Every structure is written in C-alpha cells, then in structure tokens.
Amino acid sequence: MKSQSLILIVEDNREVRLAARFVLEDFGYQVEEVENPVQAHEFLHHTQPALIMLDMNFDLDSTSGEEGLRFLRNLKRDEIDIPVIAITAWSNTDLVVQAMQLGAVDFIEKPWQNQRLEQVIQQQLKISGLQKNNTALKQVLKPNCDKPIWQSAVMQHLMAQLSAVAQTDANILITGENGVGKSHIATWIHNQSQRNTHPFISLNMAAIPEQLFESELFGHVKGAFTDAKSERVGRFALAHQGTLFLDEIGTLPLAQQAKLLRVLETGEFEMVGSSKTLTSDVRLISATNAEFEQLIAKNEFRQDLYYRLNTFAFTIPALRERIDDIVPLAEHFLTSHGAKYNKPNLTIGPCAKQALMRYGWPGNTRELSHLMERAVLLCQNSVILANDLHLPHAQGNKLTDTLPEMTLEQAEKHLIVQALNKFDGNKNKAAQQLGITKQALYRRLEKYALEE
C-alpha cells in the first residue's frame, strides 16, 4: 500500500522540500525531509525508507553534483539497498550518467511534472519490492558458494553452459516461467563477464507505457515532445560498455522493434527529437516468459529481431521439472530467512520435505522463497513441519494433488525419489515399494541421473 511507503527527501531548498511533500502526500505516501546528505545518513541509522529522492547539488558545491555522488558512493559502500531517484535543476547528461552508474535508479529534473514524478516513484517502488522479495534467490546465484545449491543434473548442466557463454559478448535470450529467476541469472552472467566493471542497466519492458518506449531506450532531447522539458538519457547510453538487460522483451510493441533491431545490428541510434547519430557498445541480455513462436506466427514479433536476440538461448526449467533442487533450495532459503529474522538452526522435518516435493510450485523458486520465509516467521519449534508450510491446495499426502502439474516422466521420477527417501536410500525396499525389480530401478536411476 502507498500508505506504508516512506519516502525520504534530501534537499537543501525548503520550498522544494515543501512542494515535494505536498505532492507526495496527496498521492498517499509518507514523507520525511532532511537538508543534506549528512542528515540523510543519520536518518538511515534508525529508519529505512522505501525510496530516497536525492538532490545532487547542495550549498558546498552548486554545480558538479559531487555531494550527491558522494552520498551514492557511501550507500554502495555501506551496502544500503534503497532505491534513489536523483534530482537535478538542469539537464546535465554527465552527472546523470555518473549518478546511475553509482546506483541511482532514475532521475527527475526540477521543476518536475507531478504526473511524471508519481509514475517514476510507482515504477521504482514496484521494482524494488520484487527485488527485495527475491533477495534470497540472489544469494543462490552467487559464484564460489561452498556448497552448490543446484542438485539437479539439468541445472548443473545449464549453469556450466552459462558460465562459458558469460565470457563472450554474444546476445543472450533467457526464457522460462515467472519466478524461475531470469533477472538474477542475467545479473549473474554480467558479474561473470568481462564487462563486470561497467554498468548493468535493467529495464522492465512491461512496466513502460508504449509511448515512452523509444525515450526510455534511446533518450530524448529537450522539446522533443510536449512533456520533454529537458534532455533525458536513454538506457543504451547508460549501459555503454556494460550490459543492458531487457526484461519482458516479448511485450515490445511491433512499431518499436525495427528501431531496436537497427541498434543491435549497427550500434547506432538517435535520441527522440534529434538527428545526431550516437553509438553504444552494449552486451544485450533479454528475458521473457512469452512463446516467441506464437508471437511470430501472429505477426506480433519480428523474426529477424528474434534471431538477433537469441545468439544463445537458454530456458530456465520450472521448479516442478527439477525435483532434486526443491529441498536443497528450501534449506538454503530457510538458512537465509532464519538469519534475517534471528531464528538460526532451523531444520526441515521429513514430512515437510515430502510435502515440498509433492507440491506443483506454480510460482517456482520465488514462491518457494516466500513460503520458507513465512514458515520461518510462523514456526514455533526448531523443526519446520508440514503444517508450518501452509501449502496451497496441498491436502494430506496424496500424490494426485500434483499430478496435473507433472508429465508422466516427472511423476515417475517423483515416485522413485519418494520411495528412496522413505527407505533411506535402500534400493531393494524402494523397488519393492514401487513394484518393480531392482534392475528396473537401477535403469531408471541412470535415466534420471539419480545414481547418487
């Protein structure tokens, strides 16, 4: 709810702070004000706002924006993860680029338009909420973990492929259902690439109104259209020499696809309202849950653009397709959320593990993270039981609850894993339980890479 969103305004001009307060409170936000970055740091010691509006220039230096940039550096140094919208009194492209490379999520020029201010804040709070909900998932993708989280053969193979491709500059298309972690895979690829010292710029295409697509991607000059009160830097310019991640690429309007295709082919583009050709050296990573074959068949997506996007294409499997990962991921999330809420040493009981493996996971890894966080908050003992999970539509221990979510092979693999867990890995007893010979069980263990 907006009423729960606290926005901190860091601005030395009292009249500007007051104007911003009136506007934001009218939109339903809570507002706090400070006069400079020093007071802002003191404020952050005891309160964490949902978003910060940061003026880039203060009394000490009225032109360079150095005080605002220093504040952003300090946030980065202290690992304070709060979205910051930079505020400038004039169009200063270099300052905007520096601010966003240091972590600012967007910028607003003074005097601002109230509708534009509300749009930017809403968009960044939405993105920030998704990022915070997936904090534990980001930890899964960190390199050099002591213990690999991915236990399934399909994910280990996929991550090995991604590790090799990350070292190239080739465009990558990531597909998969919502919640499988496409955006975090993109971040991981950037961090493993040779561009990791340069910006990683992300844009959720589904959150951008169609009339603003071109401006967001390429920028615009002052006066380019009615609301263009000043120059705006586009994402291609911001991502120069780094990585540009276009999430939900399947929502790109057909009218804009030719312009994206051109910049991918030549590296050239023009800001809206300008005839000057600019160039940008970016590595493009795209993601979608859409079926491109269907979009192309309906003439809703250009086939030539699709081929440009998918130099390498990878599909992140749904969680129900890699049962081996469910319990290790759940244990990882349990540890992460347990540390967050000061509940260490929690474990998952056998009945809870069985319930986790039988559930269909329509929300994938994101849903698993949320569910384990809720279990951590609600559990009364050190062992998480099945009842602590509160799984939706999970009635008793009937496998038929999840069969509609599985293929026949997935159901067979699930039954084998369940039988082996029940008898602590004893293959003779597991085979008897399944009604097959031991030799038949071994063949299936080899087929599904379950030998261990």
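See above for the structure.
Fair warning: this is a prediction, and the values are worked out from it, not measured in the lab.

How each quantity is defined
- Residues numbered from 1 in each chain as written.
- Predicted model: local features only at pLDDT ≥ 70, side-chain atom pairs only at ≥ 80, totals over all residues.
- Heavy atoms only, no water.
- Buried < 20%, exposed > 50% of the residue type's maximum accessible area, 1.4 Å probe, protein only.
- Helix = DSSP H or I, 4+ residues; strand = E, 2+ residues; numbered from the N terminus.
- Pairing = 2+ DSSP bridges.
- Expected span 1.5 Å × (residues − 1).
- Arc of directions from axis to C-beta.
- Contact = heavy atoms within 4.5 Å.
- Axes fitted to C-alpha atoms, helices over the stretch in contact; angles between N-to-C directions.
- Phe/Tyr/Trp six-rings, centres within 6.5 Å; stacked < 30°, edge-to-face > 60°.
- Salt bridge = Lys/Arg side-chain N within 4 Å of Asp/Glu carboxyl O.

Counting buried residues along strand β3 (residues 51-55), five of its five residues qualify, which places the element largely inside the surrounding structure. Judged from the four bridges that link them, strand β1 (residues 6-10) and β3 form a sheet pairing that is parallel. The residue of β3 that forms the bridge with Ile9 is Met53. Bridge count for β3 against strand β4 (residues 84-88) is four bridges, and the pairing is parallel. Its bridge partner lying in β4, Met53 is registered against Ile85.

A word on helix α11 (residues 254-266). If you check α11, its first and last C-alpha atoms are 19 Å apart, about what 13 residues at 1.5 Å a residue would give, namely 18 Å. Listed as buried for α11 are Gln256, Gln257, Leu260, Leu261, Val263 and Leu264. The buried residues of α11 all sit within an arc of 165 degrees when viewed along its axis, so they share a single face. Looking at the buried residues of α11, the elements they touch are α9 (213-218), α10 (235-238), β10 (243-247), β11 (268-270), β13 (283-288) and α13 (303-309). Of the residues flanking the end of α11, it is Gly267, one or two places downstream, whose phi is positive at about 80 degrees.

Looking now at unusual backbone geometry. In this chain, Lys110 is followed by Pro111 through a cis amide linkage whose omega measures -5 degrees. Note on placement: Pro111 falls in the loop between β5 (106-109) and α5 (114-133). A positive phi angle, close to 70 degrees, is found at Gln241, a residue other than glycine. Secondary-structure assignment places Gln241 in the loop between α10 and β10. Phi at His390 is positive, roughly 50 degrees, even though this residue is not glycine. If you trace the backbone, His390 turns up in the loop between α17 (386-389) and α18 (408-422).

In this section: the sheet that holds strand β2 (residues 30-34). What the five strands build is an open sheet, ordered β2-β1-β3-β4-β5; its pairing is parallel. The strands lining the two open edges of the sheet, one partner per strand, are β2 and β5. Put simply, the sheet's adjacent strands are angled 20 degrees from each other on average, direction ignored. As defined by bridge partners, β1 adjoins β2 across five bridges and the pair is classed as parallel. By the bridge assignment, Leu6 is partnered in β2 with Gln30. Contacts from helix α3 (residues 66-77) reach β3 and β4 within the one sheet, and its direction differs from that of β3 by about 150 degrees.

On to the packing of aromatic side chains. Summed over the entire model, instances satisfying the criterion amount to nine aromatic pairs. Taking the centre distance of 4.7 Å and the plane angle of 65 degrees together, the rings of Phe292 and Phe301 count as edge-to-face. In this structure, Phe292 and Phe301 share a single accessibility class: buried. Look at Tyr359 and Trp361: their rings are 4.6 Å apart centre to centre, the planes differ by 80 degrees, and that puts the pair in the edge-to-face class. A relative accessible area of 10% places Tyr359 in the buried class.

Reading across from one edge, β7-β10-β13-β6-β14 is the order of the five strands in this open sheet, with parallel pairing throughout. Two strands in the sheet have a free side with no partner beyond their single neighbour: β7 (200-204) and β14 (312-315). With strand direction ignored, the average angle separating the axes of adjacent strands in the sheet is 15 degrees. Lying on the sheet, helix α7 (residues 153-166) is in contact with β6 (172-175), β13 and β14; it crosses β14 at an angle near 155 degrees.

It is worth spelling out the pattern of salt bridges at this point. Per the stated rule, a full pass over the model turns up 20 salt bridges. Close ionic contact of Glu177 with Arg320 constitutes a salt bridge, the shortest N to O distance being 2.5 Å. Pair noted here: Glu177 is in the loop between β6 and α8 (182-192) and Arg320 is in the loop between β14 and α14 (326-340), with a separation of 143 residues, a long-range link. Its relative accessible area of 15% is what places Arg320 among the buried residues. Between Lys413 and Asp324 there is a salt bridge, with its nearest N and O atoms 3.7 Å apart. Taken together, the residues span a long stretch of sequence, with Lys413 in helix α18 and Asp324 in the loop between β14 and α14 at a distance of 89 residues.

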